Amino acid sequence: MENNNNNNNNNTNYNNANSDNNNNNTNNNSANNNNDNNNKCNKYNIKNKILLAPMEDITNISYRILALRKGVDLTFTEMIPADFIVKAEMEKSLIQSKIYEKLKTNKEDKSFVQIFGNDANIIAKAASILEKEDFEGIDINMGCPALKIVKNNSGSKILTNLELLEEILSKTRNAIKKPLSVKIRLGFEEENYLDVIKIAEKYVDFITIHARLRTQGYSGTADWDAIKKAKSISKVPIVGNGDVKSIEDAKKKIKEGYCDAVMIGRESYRNMNLFEGKNQITKEESKELIMEYYELWKKYSPDDIFKLRFFIQWTYKTKNIKDLRREINFLKDEKEIMNLLEKY
Ligand SMILES: Cc1cc2nc3c(=O)[nH]c(=O)nc-3n(C[C@H](O)[C@H](O)[C@H](O)COP(=O)(O)O)c2cc1C
């Protein structure tokens, strides 16, 4: 994705970030459209212009690599508290910290690490610590609606304090050389995303917008007209997010000028094959997906039984899914969990 903002001359290494990433990508979607030369993403070799959304308790390294193999260009880690990173580094305990699991990355992983907080100095410091890891860039969460986050003046609450928002972005921009992005909502209680964009575009390489207010949570539908308006005024690429369930839909939105790239979240755990352009998934295919995930999980996340259970609960397509979802929660052993697939 191209940033029209000249302040970020340091960010040269993003160009090739995804160039050799899709060797395993057998996707038959046609999201890759060479005719859309006006699209700001072309410069960065983001082939399909499809990003995997950050999702807490879901998008660990195994999940992200699976999505990348299926064809997404870029992924995001689960959100990570900036103060925890700074404290862990001061105590030289980053490696041992419980956040370590969320910070795992490797060469195959093409991921931004997402952080959140309410203090510009701490966020900037955390970004500079994490920049040394193998991530493509840093993303700052300014969209999380969860009460415990908002109460702490973090996440979407920052949208109500534009001075703090600018301080966070400017200090973080100055603290790192890698690409910087921000993920926002349309506003907290009232829309102010156009004001936010005018500030954010001075500092970030792209802006992701989940087109709902904080007060909406996940209710209603995402307002894609707002995303189109955002793109029309933004100097940096806009990544549109909310309710997209197929590559066809994502491609249409990009082609019709709503956004420069599309980020997809929830539909990915219902059917990761959507990234290959397959909107329907059979029981057999869902089992294959689970096996693929399981192989990655054994390699990278074997201590995180919750995520294995979650993947099965949402991905497996069987008539008795409600029973499976209940039963699987009692199991702690991976073999027992995988054996359950035979029963259902
Ligand atoms: C379980 C879950 C966890 C999420 N965690 C995060 C997160 O850590 N950081 C973030 O910016 N957004 C998070 N989100 C929001 C998603 O990134 C995305 O904006 C939202 O789900 C809308 O996109 P979708 O309709 O494609 O799912 C989360 C969403 C869900 C459902």
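Our structure is the block above this text.
The model shown is predicted, which means the values in this text are computed figures rather than measured ones.

Any chance you could explain the overall build of the protein here in plain terms?
Along its length, the protein carries 14 helices and eight strands. Across the 344 residues in the protein, those meeting the buried criterion constitute 60%. Intrachain contacts of the protein at a sequence separation of at least 6 include 70% that bridge at least 24 residues. Per element, the accessible surface of the protein, about 15000 Å² overall, is 45% carbon and sulfur.

I would appreciate a short explanation of the environment of methionine 142 in the present structure.
Topologically, methionine 142 is positioned in strand 4 (residues 137–142). Each C-alpha atom, one on methionine 142 and one on valine 182, is 6.9 Å from the other, the two residues being 40 residues apart in sequence. Leaving out residues up to four positions away in the same chain, methionine 142 has contacts with Gly155, Ser156, Ile158, Leu159, Leu165, Ile168, Leu169, Val182, Lys183, Ile184 and Arg185.

Would you mind going over the pattern of salt bridges with me for this structure?
For side chains of opposite charge, pairing can occur when their charged atoms come near one another. Under the defined criterion, the tally for this structure stands at 27 salt bridges. We note a salt bridge from arginine 212 to aspartate 243, for which the minimum N-O separation is 2.9 Å. Separated by 31 residues along the polypeptide, arginine 212 in strand 6 (residues 206–213) and aspartate 243 in the loop between strand 7 (238–241) and helix 9 (247–255) bring together distant segments of the chain. You can call aspartate 243 partly exposed: its relative accessible area is 27%. For arginine 270, the salt bridge identified is with glutamate 267, shortest N-O distance 3.1 Å. With a gap of three residues between them, arginine 270 and glutamate 267 both fall in helix 10 (residues 267–270), about one helical turn apart. Ionic contacts of the salt-bridge type, sharing partners, join the residues Glu56, Glu78, Lys102, Asp304 and Lys307 into one network.

It is not clear to me how the site of the ligand should be interpreted in this structure. Could you clarify?
Neighbouring the ligand are 17 residues; Pro54, Gln114, Asn241, Asp243 and Arg266 lie closest to it. A distance of 2.8 Å separates a nitrogen atom of the ligand from a polar backbone atom of glutamate 56. For the ligand, the protein covers 87% of the area, taking 620 Å² as the surface of the free molecule.

Is there a simple way to think about the pairing of strand 7 in this case?
Each regular strand displays side chains that alternate between the two surfaces of the sheet. Here strand 7 shows two buried faces, one formed by Ile238 and Gly240 and the other by Val239 and Asn241. Here four bridges tie strand 6 to strand 7, and the two strands are oriented parallel to one another. What sits directly across from isoleucine 207, in strand 7, is isoleucine 238. Viewed along the sheet, the connection from strand 6 through helix 8 (residues 224–233) into strand 7 turns out right-handed. The pairing of strand 7 with strand 8 (residues 261–264) spans three bridges and is parallel. Its bridge partner lying in strand 8, glycine 240 is registered against valine 262. Traced from strand 7 through helix 9 to strand 8, the parallel crossover comes out right-handed.

Even after reading the chapter, I still don't get the packing of helix 12 (residues 305–315) against helix 13 (residues 321–328), so can you show me in this structure?
Helices that pack against each other are described as a pair by the angle of their axes relative to one another and the distance between those axes. For the pair helix 12 and helix 13, interaxial distance at closest approach is 9 Å and the crossing angle is 170°. Between helix 12 and helix 13, the angle is such that the two are roughly antiparallel. Here helix 12 contributes Arg309, Ile312, Gln313 and Trp314 to the contact with helix 13, which in turn contributes Ile321, Leu324, Arg325 and Ile328. Taken together, the residues that form the contact of helix 12 with helix 13 break down as five nonpolar, one polar and two charged.

So what exactly am I meant to see when it comes to the pairing of strand 8 here?
Burial of the side chains of strand 8 extends over both faces: Ala261 and Met263 are buried on one face and Val262 and Ile264 on the other. Pairing geometry for strand 1 (residues 50–52) and strand 8, over three bridges, is parallel. Note on strand 8: the bridge partner recorded for leucine 51 is methionine 263.

Cut-off values and rules
- Residues numbered from 1 in each chain as written.
- Predicted model: local features only at pLDDT ≥ 70, side-chain atom pairs only at ≥ 80, totals over all residues.
- Heavy atoms only, no water.
- Helix = DSSP H or I, 4+ residues; strand = E, 2+ residues; numbered from the N terminus.
- Buried < 20%, exposed > 50% of the residue type's maximum accessible area, 1.4 Å probe, protein only.
- Contact = heavy atoms within 4.5 Å.
- Areas by Shrake-Rupley, 256 points an atom, 1.4 Å probe, with all protein chains shown as cover.
- Salt bridge = Lys/Arg side-chain N within 4 Å of Asp/Glu carboxyl O.
- Near = heavy atom within 4 Å.
- Polar contact = N/O pair within 3.5 Å; in protein donor to acceptor, adjacent residues only side chain to side chain.
- Pairing = 2+ DSSP bridges.
- Right-handed = clockwise from strand over helix to strand, strands pointing away.
- Axes fitted to C-alpha atoms, helices over the stretch in contact; angles between N-to-C directions.
- Parallel < 35°, antiparallel > 145°, perpendicular 65-115°, else oblique.
- Nonpolar A, V, L, I, M, F, W, Y, C, P; charged D, E, K, R; others polar.

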